[in-house]
Amino acid sequence: MYSREQTNKLQTTGNQLLKDLKSKPFEKINVDSLRDALRFHEYRYYVLNDPLISDFEYDQLYKALEKIELENPGLVTADSPTQRVAKGLTKEFPQVQHLVPMLSLENSYNAEDLIDFDRKARELTGLDEIEYCIEPKFDGAGISLIYENDLLVRGATRGDGVNGDDITTNIKQIRSIPLSAKFSGQNIRQIEIRGEILINKNNFKKYNEQMAEQNLPPLANPRNAAAGTLRIKDPKIVAERNLEGFLYQISYYSTTQKNQKVFKFHSDTISLLWELGFRSPEKEKKVITGIEKVIGHCKKFEEGRDDLPYEVDGLVIKVNNLELQEKMGMTSHHPRWAIAFKFKARQATSHLKSVEFQVGRTGNITPVAKIDPVPIGGVTVSSISLHNEDFIKEKDIRIGDALLVERAGDVIPYIVKSFPELRKGHEKKIHFPEKCPVCNHPLHKVEGEAAWRCTNYNCEAQSVQRIIHFASKDALDITGLGEAIVNKFYELGWLTTIASVYELPYEKIEKLEGFGKKSVQNLKSAIEKSKTQPLYRLIYGLGIRYVGEATAKTLAQAINHLLELKNFSLEDLQKLEDIGPKVASAIYQFFSNKENVSLLKELEKQGLQLKNEKKELAQGGNLSNLTFLFTGTLPTLKRSEAEAMVEDHGGQILSGVSAKLNYLVVGDDAGSKLDKAKKLNTVKIISEEEFLKMLNR
Ligand code: IVH
């Protein structure tokens, strides 16, 4: 898409613009180059996943363009980066007809199926050997795009294959889909392109973690997540979900010259799409002659399935020569020149044996399904969250029901559906308890929230869960104080509150079965070490409702000592980043409670750090005003550790190599970042050892 020279030029333009925005009046800014720079950086970020400027810098450019266009509406173009943003809600998605029907694919599951497909293909074409183009079968929601005179004019769902829903506004929220592309360079006037909308595994996981915090059901799997999101009527929410678009098939085009054939091979169409800025499977595709080699590739690709950042459910094998494709034709259901090779399913059926109601650390009651154990994708699943009462009702789940269970990749298992049609009559409705299953306190449900709660702060289950959470890896990280041990010590009366962690009777523990001098020594030092953890981990470990790691960090940065939060009003709290009324109120309630305040004082007495030492360090830190970036595998530090060290010492992490970068810390197998940094001349390239020396200076 962008040559090396263009890349350098656009990078320079962007940096110059960032400077100009500060020094020149807006009338002096060239809108076209501003737009070019923004499009270039969007491409680097969303298509290549390799940004060259920070998010902050991008935002500055974007906001400037927005402002200039607002003041000069005449300057707005249809494909301006600002034109993705939609005003208001979508009323409906009108039905539209695809230029060419969207067919399905025939499926294959093993080598024999593929050999059979190849035999038929050879018969139909009269050839001895066929060249195939193989690409991932993206597991998302199918879409169809139309570009006319280089402009994206329509995006539609697959629908019934003939008609789909017009979802153009939502498609524009997907930043890897260009609003314009230079098809005219190939004499193409109108073109229809097929593709798949996905949510990558990482974004999917992040989103579901947020849902779990609120006892809301997660998105079932990346496929449903993408399909569901495309039908949301608020484009803002669509934009927030960070969908990605892969385009893999040109289904129709017309040219300015009559009957001109632009492409000879399918692989050429993939390459052109890539060249024009689309995320086509250019890097993933493979052109192979002969079915035996194709089979070999399929096997190998399936082994690496989990390493991909997005879900694939197989590979698609397409006859590469387009003339041959035409000759082979299609059935009413699928083309004869393509076949899907499906990977092992990640779904299985099982039965619901019983439902347990678990009490979480904030009192939320979570129903958990106990099912007949089934292996799915390499793990045995026997226990699955049912999230909340509404989920059970919506999915019409009863004890004894047959269930369809899915576990996509490393995603937590999920109940896709029940099979009411298979009921035999002995199935029982699930009754949600009215009282806490542990302390018998009546359960409450706040209007608008999904979870029933036990509001008894002294509920045994909550106390135990609070301690487990406090000691967990992301909180105080006390190795040796896991769920089983906490439960045991709680039963023995040695653990009662968080503070009791620091008053354990080690002489007694030593005498317990399974413990010895050595393990007690280890536990002691893990507990000692927890006293030196950064403040945000302590805040997170307190288990305040809705306060996850990110909010804990925000809070820690706002204070010099934890007890200062006592004096924060609801308004003060809401002034902090990403803290809304609900979260603010939970924090406010926590610090208004005298018992909590005395717990914190008690912890301070025990030697925990309530002061924000890191902040003091960072303010006068020896890396302040310096920017860093890491690349390659470092010999001893994890990437996240190294980045945290920079921030702790007052430095800043950049997202890409740019003129703003001071230090690139290089490990093994460093990639393109190193090349870029070398060219820039201004960046100092150092090793991990040199980096560590800088910290100790
Ligand atoms: S080609 C006429 N290529 O899989 C042939 N489809 O199960 C059109 N899919 O409806 C399909 N990745 O939504 C093709 N690389 C790929 C694909 C792909 C995913 C989807 C597509 C199709 C479905 C069939």
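Heads up: the structure comes first, above all this text.
First, a word on what this report is: a plain description of the structure on this page. (Residues numbered from 1 in each chain as written. Predicted model: local features only at pLDDT ≥ 70, side-chain atom pairs only at ≥ 80, totals over all residues. Heavy atoms only, no water.)

Here we come to helix α13 (residues 460-471). An α-helical turn contains 3.6 residues, so any two residues separated by three or four positions project in the same direction. Along its twelve residues, α13 runs 17 Å from first to last C-alpha, staying within 8% of the 16 Å computed at 1.5 Å per residue. Among all positions of α13, only A461, Q462, S463, V464, R466, I467, I468, H469, F470 and A471 are buried. (Helix = DSSP H or I, 4+ residues; strand = E, 2+ residues; numbered from the N terminus. Expected span 1.5 Å × (residues − 1). Buried < 20%, exposed > 50% of the residue type's maximum accessible area, 1.4 Å probe, protein only.)

Looking now at the sheet that holds strand β15 (residues 402-406). Taken in spatial order, the five strands make up an open sheet running β14-β13-β12-β15-β16, and their pairing is antiparallel. Of all strands in the sheet, those bounded by a partner on one side alone are β14 (379-385) and β16 (414-418). Neighbouring strand axes in the sheet, compared pairwise and without regard to direction, differ in orientation by 45 degrees on average. One ladder, built from seven bridges, connects strand β12 (residues 347-359) with strand β13 (residues 365-376); its direction is antiparallel. Residue pairing for β13: F357 is matched across the bridge by P367. (Pairing = 2+ DSSP bridges. Axes fitted to C-alpha atoms, helices over the stretch in contact; angles between N-to-C directions.)

What surrounds the ligand is the set L103, L105, E135, P136, K137, F138, R158, E196, Y248, V316, K318 and P335. Here F138 contributes a backbone N or O atom positioned 3.1 Å from a nitrogen atom of the ligand. Within the side chain of K318, one N or O atom sits 3.0 Å away from a nitrogen atom of the ligand. Bound to the protein, the ligand loses 86% of the 530 Å² it would expose on its own. At four residues, strand β3 (residues 131-138) tops the list of elements feeding residues into the shell around the ligand. Here the residues of the shell around the ligand are counted per class, giving seven nonpolar, no polar and five charged. (Near = heavy atom within 4 Å. Polar contact = N/O pair within 3.5 Å; in protein donor to acceptor, adjacent residues only side chain to side chain. Areas by Shrake-Rupley, 256 points an atom, 1.4 Å probe, with all protein chains shown as cover. Nonpolar A, V, L, I, M, F, W, Y, C, P; charged D, E, K, R; others polar.)

Each regular strand displays side chains that alternate between the two surfaces of the sheet. In terms of burial, strand β10 (residues 312-319) is a largely internal element, eight of the eight residues being buried. Note: β3 against β10, seven bridges, orientation antiparallel. Considered in β10, the bridge of C133 is made with K318.

If you trace the four strands from one edge of the open sheet to the other, you get β20-β19-β21-β22, paired in parallel fashion. Each edge of the open sheet is held by one strand with a lone partner, namely β20 (652-653) and β22 (684-686). Two elements, strand β19 (residues 627-631) and β20, share two bridges in a ladder whose sense is parallel. By the bridge assignment for β20, T627 is matched with Q652. Here helix α23 (residues 639-648) sits on the sheet and contacts β19 and β20; the angle it forms with β19, its principal contact strand, is near 170 degrees. Packed onto the sheet, helix α24 (residues 672-680) meets β19, β21 (663-666) and β22 and runs at close to 140 degrees relative to β21. (Contact = heavy atoms within 4.5 Å.)

Proteins that are soluble and globular tend to have nonpolar side chains buried together. Ranked by internal contacts, the top residues of the largest apolar core, which has 59 residues, are F489, L538, L562 and L603. Those elements that provide at least two residues to this core are α13, α14 (483-491), α15 (506-511), α16 (517-530), α17 (535-541), α18 (549-558), α20 (581-592) and α21 (594-605). It is α20 that contributes the most residues to this core, six residues altogether. In this structure L603 touches I498, A499, Y502, L538, L542 and L608, once residues within four positions along its chain are discounted. In terms of nonpolar packing, the next biggest core, distinct from the first, is built from 36 residues, I177, V238, F263 and V411 among them. (Core = buried A, V, L, I, M, F, W, Y, C linked by side-chain atoms within 4.5 Å.)

So, on to the pattern of salt bridges. With the rule as written, the count across this model stands at 38 salt bridges. Note that R346 is salt-bridged to D306, the shortest N-O span being 2.8 Å. With a gap of 40 residues between them, R346 in the loop between β11 (338-342) and β12 and D306 in the loop between α10 (291-303) and β10 connect regions that are remote in the sequence. A residue is classified by how much of its surface remains accessible, and R346, at 14% relative accessible area, is buried. Classification of D306 by relative accessible area gives partly exposed; the value is 48%. The closest approach of N and O atoms between D396 and R398, which form a salt bridge, is 3.7 Å. (Salt bridge = Lys/Arg side-chain N within 4 Å of Asp/Glu carboxyl O.)

Overall, the coordinates contain 24 aromatic pairs when judged by the stated rule. Ring geometry for F138 against Y310: centres 5.6 Å apart, planes inclined by 50 degrees, an arrangement best described as tilted. Placement of the pair is F138 in strand β3 and Y310 in the loop between α10 and β10, with a sequence separation of 172 residues. Here the aromatic rings of F489 and W494 are separated by 5.5 Å at their centres, their planes lie at 55 degrees, and the arrangement is tilted. In this structure, F489 and W494 share a single accessibility class: buried. (Phe/Tyr/Trp six-rings, centres within 6.5 Å; stacked < 30°, edge-to-face > 60°.)

Before going further, it helps to spend a moment on α16. The end-to-end C-alpha distance of α16, which contains 14 residues, comes to 20 Å, matching closely the 20 Å that a straight helix rising 1.5 Å per residue would cover. By the burial criterion, the buried members of α16 are V520, L523, A526, I527 and S530. Around the axis of α16, the buried residues are gathered within 120 degrees of arc, so they sit on the same side. Exposed residues pointing more than 90 degrees away from the buried face of α16 are listed as K517, K518 and K529. Where α16 is buried, its residues contact α14 and α15. (Arc of directions from axis to C-beta.)

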